[in-house]
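Read off the chains here:
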Amino acid sequence: MKLTGYGPRSSADGAIHFPILECWNPVTKCVSIAADVNGRRVLCRISDKVIEKRFAGAPAAPTATVSANRRTIEAAATTLITRKAFAADGMIDIKLEDLPQ
């Protein structure tokens, strides 16, 4: 029997890839998306307050809003990762000023 491993695509070329996944955390009231950077996983968080302010009139569920505006959020996350703007816990926090108007 041949065993194979399954896992996220490893990228050592410096490119940033975003798997299609968003996760709601009811404790922190943030939606997280994952980024694969040089074979490592980086979580990028955006709070429900930022989602409400930036994407007014969007679907009610924060995860649905993030899914509908994924390109904009991924672009902001890519910029922050490139600038190495990591929070103290090693994650990326996307703020209102990081998102284009």
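Residues numbered from 1 in each chain as written. Predicted model: local features only at pLDDT ≥ 70, side-chain atom pairs only at ≥ 80, totals over all residues. Heavy atoms only, no water.

> Tell me what's going on with the pattern of salt bridges, and back it up with residues and numbers.
In this structure the tally under the stated criterion is 5 salt bridges. Close ionic contact of arginine 70 with glutamate 22 constitutes a salt bridge, the shortest N to O distance being 2.8 Å. Here glutamate 22 lies in strand β2 (residues 22–25) and arginine 70 lies in helix α3 (residues 70–82), a separation of 48 residues in the sequence. Across the pair aspartate 89 and arginine 45 runs a salt bridge, and its minimum N-O distance is 2.9 Å. A residue pair is termed long-range when its members are at least 10 positions apart, and aspartate 89 in the loop between α3 and β5 (92–94) and arginine 45 in strand β4 (residues 40–47) qualify at 44 residues. Residue class for arginine 45 comes out buried when judged on its relative accessible area of 18%. (Salt bridge = Lys/Arg side-chain N within 4 Å of Asp/Glu carboxyl O. Helix = DSSP H or I, 4+ residues; strand = E, 2+ residues; numbered from the N terminus. Buried < 20%, exposed > 50% of the residue type's maximum accessible area, 1.4 Å probe, protein only.)

> How would you explain the nonpolar core if you had to name every residue and give the values?
Grouped together as the largest cluster of nonpolar side chains are 20 residues, with contacts concentrated most on Cys44, Ile46, Ile73, Ile94 and Leu99. Counting only elements with at least two residues in this core, the list comes to β3 (30–37), β4, α1 (48–54), α3 and β5. The element contributing the most residues to this core is α3, with 5 residues. Other than its neighbours up to four places away in sequence, cysteine 44 contacts Val31, Ser32, Ile33, Ala35, Ala77, Ile81, Ile92 and Ile94. (Core = buried A, V, L, I, M, F, W, Y, C linked by side-chain atoms within 4.5 Å. Contact = heavy atoms within 4.5 Å.)

> Outline unusual backbone geometry, supporting the account with residue identities and numerical values.
Even without being glycine, lysine 29 reaches a positive phi, approximately 55°. Among the secondary structure elements, lysine 29 is positioned in the loop between β2 and β3. A positive phi angle is found at asparagine 38, which is not glycine, with a value near 50°.

> So, the side chain of aspartate 48: which residues are in play, and what are the values?
Mapped onto the elements, aspartate 48 comes out in helix α1. An unpaired buried charge is present at aspartate 48: no salt bridge exists, and lysine 49, the closest side chain of opposite charge, is 5.0 Å distant. Setting aside chain neighbours within four positions, we find aspartate 48 in contact with Trp24 and Lys29. (Lys, Arg positive; Asp, Glu negative; His and termini not counted.)

> Could you give an account of the pairing of β4, naming the residues involved and the relevant values?
Direction of pairing for β3 relative to β4: antiparallel, over a ladder of 8 bridges. Across the sheet, residue valine 31 finds its bridge partner in β4, namely isoleucine 46. Where β3 folds back onto β4 in an antiparallel hairpin, the turn is made up of 2 residues, including asparagine 38, whose phi is positive at roughly 50°. Of the pairings in the sheet, the one linking β4 to β5 comprises 3 bridges and is parallel in character. Bridging across to β5, isoleucine 46 finds its partner in isoleucine 94. (Pairing = 2+ DSSP bridges.)

> Tell me about the confidence of the model for the protein, and please be specific about residues and values.
Per-residue confidence for the protein gives a mean pLDDT of 87; residues scoring 70 or more make up 86%. In the model, residues 3–11 has pLDDT below 50 throughout and makes 9 contacts with residues more than four positions away in sequence or in other chains. (pLDDT = per-residue confidence, 0-100.)

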